[in-house]
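Fold and geometry: a report
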Amino acid sequence: MYRYDEFDHAFVHQRVAQFRDQVARRLSGELSEDEFKPLRLMNGLYLQLHAYMLRVAIPYGTLSSRQMRCLAHIARRYDKGYGHITTRQNIQYNWIKLTEVPDLLADLAEVEMHAIQTSGNCIRNVTADHFAGAAADEIEDPRLWCEIIRQWSTLHPEFSFLPRKFKIAVSGAAKDRAALRVHDIGVQICRNDAGEIGFEVMVGGGQGRTPMIAKTIRKFLPKAELLSYLESILRVYNQLGRRDNMYKARIKILVHEMGADALAEMVEAEWRQVREGFVDLPEAEVARIERYFAPPPFDPAAGSDSGLDTARRADSEFDRWLEQNVDAHRQPGYAIATISLKSDGGVPGDIDAAQMEAVADLAERFSFDELRATHQQNLVLPHVRKGDLYELWQSLKAHGLAIANRGLISDIIACPGMDYCSLATARSIPVAQAISARFQDLARQKDIGDLRLNISGCINACGHHHVGHIGILGLEKKGVENYQITLGGRADGEAAIGAIVGPAFSAEDIVGAVETVVDTYLDLRETGEPFIDAYARLGREPFKERLYAAH
Amino acid sequence: MKLDIVSANRLTDGRVVYLTRDDGWSESIIDGRSAATKEESADLLADAERAVEAGIVVAPYLVSMADDGGAFAPLHFRERIRLFGPKHNRDGGQPAGRVA
Ligand code: SF4
């Protein structure tokens, strides 16, 4: 795992001291709210409905046990005992006091964490495939490149005041688990015909008010050229991106208005100039960072007899969890375990301090001290010896964390919505809770199969509703919450934006409407056909007919 | 009848507060000073702005209240959520009751 060098250390501690001073000046009245607001946002601190919210960066979703324990400490000491994993693989705390933020940030800095680049019009926390370094289908670990991008972008003077926030994701696997195509820039590690490893670069994806799927502007970029190429994209964007209208300021609008080919040409022209004077990272520095992402010391003998089959046969509940939440690892004898944070009737992505500590202990015992946060608001133990899975599962179960629903209808992505967020037009959490309660029966969920249901509390789409197989958008109409359904969205390699199915539903009717969609699918599916494939075959009409039949 | 009160977030901890009859700020809406006319509402906001200057609260605004002689409650559901907190409040604190 990446460890700070002296420069990072000094920088983060300096920022804490600087913010301590800024908070003191705000409290003494020396700084007005208008003056202070951009400063607090640069440190991840928002003012929400009920309190301040602090968003802590988890670079590319990777955490150590020590860091997780610190997050538990923060939850207990400074919040109400829990935190919320976000769709950018970060964690946020909802009940923070301004007066305590400097101490909180100092505690975080002790474990090399901070809240920088989690807000504002800068390059945000770079996200990655949450199975990075572990996935069986991976060409190369993307986190090396995420870290290089992080270092390049953190202090880059040109990129601190972009027209809007800017999101980058990197994946090194064949299967896109990082939602690359709904990012401003998606970077896919790939091989060219000669077998060399490089990057496919996609630009202009995004969600929000104007959802768009990113377009590939370069099929293959040699490895050594990544930063100069990214810099060229950012420069073109910085010159042309609209600052006069925040709704049009994202690079996706530029791609849409100019066309991907025209943008690609401009980027290439810029790149020819940028490359000349550009100092790419020296190889020695790349190698230095790469060492931090070296595979852990796997036991070559782990593959022999794991005892897994015996445990599976003996315990059907364990068997179900294994089937649903455990994935193939690149190393024989190991597996990847997903810890679902979607308990029945719970708040998607919420985890309390005791659970954080339990997960930290388990990561230490079973996963080489490593864990991950996913953009689907779950956690992952990336390197578990197959022979340890049963013991791991039993421990998870004791902490209410062995929920076998990953990828099923109750594995809902939901933003905080109006329960916390000051921008919300409706609540999303109670809807998620009601849906997970309605589909409580795991056997029923399993029968429904792979289904992504995503909920946002406003058009900003933090809950990724546009790319849910079933998406729900909370809106307000005449002082009442109502919910619009979209169908057919997806965030994987075949990314698509969901289509609005018809008029919105009331808070009372939305769960029933979701059930109608699911029942329609169950009635019309062919054997073994997942929801998203059935939708592709059937289109919107049969769902629409059933949903609005009574109207 | 419709009344206005002023709400804001307290600077130090961001908590939801209401301007009170004695010109202080309270977490309890019951203590809120209400205004029945445009002029009174403008006065409320002017007092609130002074509290902003003094570094006590942030971003004050008027909240419309229904006052039918019985329940004294915000008209808009957003304000009811601000008042009662999240419905699923998990800290054992103020249960939100039905907000919808
Ligand atoms: S989608 Fe809207 S309501 Fe949900 S977290 Fe984002 S801004 Fe807030």
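Residues numbered from 1 in each chain as written. Chains lettered and ligands numbered in written order. Predicted model: local features only at pLDDT ≥ 70, side-chain atom pairs only at ≥ 80, totals over all residues. Heavy atoms only, no water.

On to the site of the ligand. In the vicinity of the ligand, the contacting residues are C415, P416, G417, C421, L423, A424, G457, C458, N460, A461 and C462 of chain A. Of the residues assigned to the shell around the ligand, the class counts are eight nonpolar, three polar and no charged. (Near = heavy atom within 4 Å. Nonpolar A, V, L, I, M, F, W, Y, C, P; charged D, E, K, R; others polar.)

Many analyses report the size of an interface as the accessible area lost when the parts associate. Residues and elements named next belong to chain A. By domain assignment, chain A separates into domain 1 (6–109), domain 2 (142–291), domain 3 (306–398) and domain 4 (413–550). The gap between the C-alpha centroids of domain 2 and domain 4 is 31 Å. Counting from both sides, the interface comprises ten residues of domain 2 and, opposite them, 13 residues of domain 4. Along the contact surface separating domain 2 from domain 4 lie zero salt bridges. Put simply, domain 2 and domain 4 have two residue pairs in polar contact (both at pLDDT 80 or more) between them. Classifying every residue of the side of domain 2 that touches domain 4 gives five nonpolar, two polar and three charged. (Domains from an automatic or database assignment. Contact = heavy atoms within 4.5 Å. Salt bridge = Lys/Arg side-chain N within 4 Å of Asp/Glu carboxyl O. Polar contact = N/O pair within 3.5 Å; in protein donor to acceptor, adjacent residues only side chain to side chain.)

Residue and element names in this part refer to chain A. Going through the model one piece at a time under the given rule, you end up with 48 salt bridges over all chains. R218 is paired through a salt bridge with E268; the nearest N and O atoms lie 2.8 Å apart. You can see R218 sitting in strand β10 (residues 215–222) and its partner E268 sitting in helix α8 (residues 260–277), a full 50 residues away along the chain. Its relative accessible area of 19% is what places E268 among the buried residues. As a salt-bridge pair, E515 and R438 come within 2.5 Å of each other at their nearest N and O atoms. You can see E515 sitting in helix α16 (residues 510–524) and its partner R438 sitting in helix α14 (residues 429–438), a full 77 residues away along the chain. Under the relative-accessibility criterion, R438 is labelled partly exposed at 40%. Via salt bridges that share partners, D141, R143, E370 and R372 belong to a single interconnected network. (Helix = DSSP H or I, 4+ residues; strand = E, 2+ residues; numbered from the N terminus. Buried < 20%, exposed > 50% of the residue type's maximum accessible area, 1.4 Å probe, protein only.)

The end-to-end C-alpha distance of helix α3 (residues 65–78) of chain A, which contains 14 residues, comes to 19 Å, matching closely the 20 Å that a straight helix rising 1.5 Å per residue would cover. All of the buried residues in α3 of chain A are S65, Q67, M68, C70, L71, A72, I74, A75 and Y78 of chain A. (Expected span 1.5 Å × (residues − 1).)

With that settled, consider the environment of C458 of chain A. Its place among the elements puts C458 of chain A in the loop between β17 (453–456) and β18 (470–477). On a C-alpha basis, the gap between C458 of chain A and F368 of chain A in space is 39 Å, while along the polypeptide they are 90 residues apart.

A word on the sheet that holds strand β4 (residues 82–85) of chain A. Residues and elements named next belong to chain A. Ordered by their spatial adjacency, five strands build an open sheet running β1-β2-β5-β4-β13, and the pairing between neighbours is antiparallel. The open sheet has two free edges, formed respectively by β1 (45–47) and β13 (350–352), since each of these has just one partner strand. Across the sheet, the axes of successive neighbouring strands diverge by a mean angle of 30 degrees, strand direction being ignored. Bridge count for strand β2 (residues 52–56) against strand β5 (residues 91–96) is four bridges, and the pairing is antiparallel. For V56, the partnering residue across the bridge sits in β5 and is I91. Here α3 sits on the sheet and contacts β2, β4 and β5; the angle it forms with β5, its principal contact strand, is near 15 degrees. (Pairing = 2+ DSSP bridges. Axes fitted to C-alpha atoms, helices over the stretch in contact; angles between N-to-C directions.)

On to the interface of chain B and chain A, then. Listed per partner, the contact involves 24 residues of chain B and 33 residues of chain A. Of the roughly 2500 Å² buried where chain B meets chain A, counting both sides, 59% is carbon and sulfur surface. Taken together, the connections running from chain B to chain A amount to zero salt bridges. Mapped onto the side of chain B that touches chain A, the elements with two or more residues apiece are β1 (2–10) and α2 (77–84) of chain B. If one sorts the elements of the side of chain B that touches chain A by residue count, α2 of chain B sits on top with four residues. Classifying every residue of the side of chain B that touches chain A gives eight nonpolar, seven polar and nine charged. (Buried area = accessible area lost by both parts, 1.4 Å probe.)

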